[in-house]
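A structural walkthrough
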Amino acid sequence: QVQLVESGGGLVQPGGSLRLSCAASGFTFSSYAMSWYRQALGKERELVAGITRRGGSTNYGDSVKGRFTISRDNAKNTVYLQMNSLKPEDSAVYYCKAQGFRSWGQGTQVTVSS
């Protein structure tokens, strides 16, 4: 079955950087677009970034454009999210998702605070 394991979260100061990883298994990774979502406490889950099957096209939520970069390594079945210039409002649990599947991973907590 589909398994998604996110990692790389943590506590970082405003202006800092983190790189999230999502290791996927149970499906043909290179055949599916992938996305990162986040959910802050008390808020709905929102789309952060998406990437096509081969990585040729990406899209971002307005709040992260110019600061976050999504990428993937199909040889490693892994999708990444490089987050720079982090702000307190970026604090949330971050999840990855494969387009077309309902499964979610356990998420990784990102906290931006001084």
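Just so it is clear, the structure is predicted and the values come from calculations on it, not from any experiment. Residue indices begin from 1 for each chain and proceed along its sequence in written order. Whole-chain, interface and lining totals are the exception, using all residues; otherwise, since this is a predicted model, local features are given only for residues with pLDDT of at least 70 and side-chain atom pairs are given and counted only at 80 or more. Hydrogens and waters are ignored; side-chain quantities use all the structure's heavy atoms.

Attention shifts here to the packing of aromatic side chains. Working definition: rings of Phe, Tyr and Trp (its six-membered ring) pair if their centres are within 6.5 Å, and the pair is stacked with planes under 30 degrees apart, edge-to-face with planes over 60 apart, and tilted otherwise. This model, assessed by the stated rule, comprises 6 aromatic pairs. Aromatic side chains Phe27 and Tyr32 sit 5.6 Å apart centroid to centroid with 80 degrees between the ring planes, which places their arrangement in the edge-to-face category. Working definition: with a 1.4 Å probe on protein chains only, accessible area under 20% of the residue-type maximum means buried, over 50% means exposed, and in between means partly exposed. Look at Tyr32 and you get partly exposed, because its relative accessible area is 29%. Note on Tyr37 and Trp104: the rings are 5.2 Å apart at their centroids and 80 degrees apart in plane angle, and the pair reads as edge-to-face. Here Trp104 lies in the loop between β9 (92–98) and β10 (108–112) and Tyr37 lies in strand β4 (residues 34–39), a separation of 67 residues in the sequence. What makes Tyr37 partly exposed here is its relative accessible area of 22%. Members of the aromatic cluster, each reached through a chain of ring pairs, are Phe27, Phe29, Tyr32 and Phe101. We call a charge positioned above a ring when the Lys NZ or Arg CZ atom is no farther than 6 Å from the ring centre and deviates by at most 35 degrees from the ring normal. Lying across the ring of Tyr95, Arg45 places its NZ or CZ 3.9 Å from the centre. Directly above the ring of Trp104 sits Lys97, whose terminal nitrogen or CZ lies 5.7 Å from the centroid. Think of it this way: any DSSP run of H or I at least four residues long counts as a helix, any run of E at least two long counts as a strand, and we number them from the N terminus.

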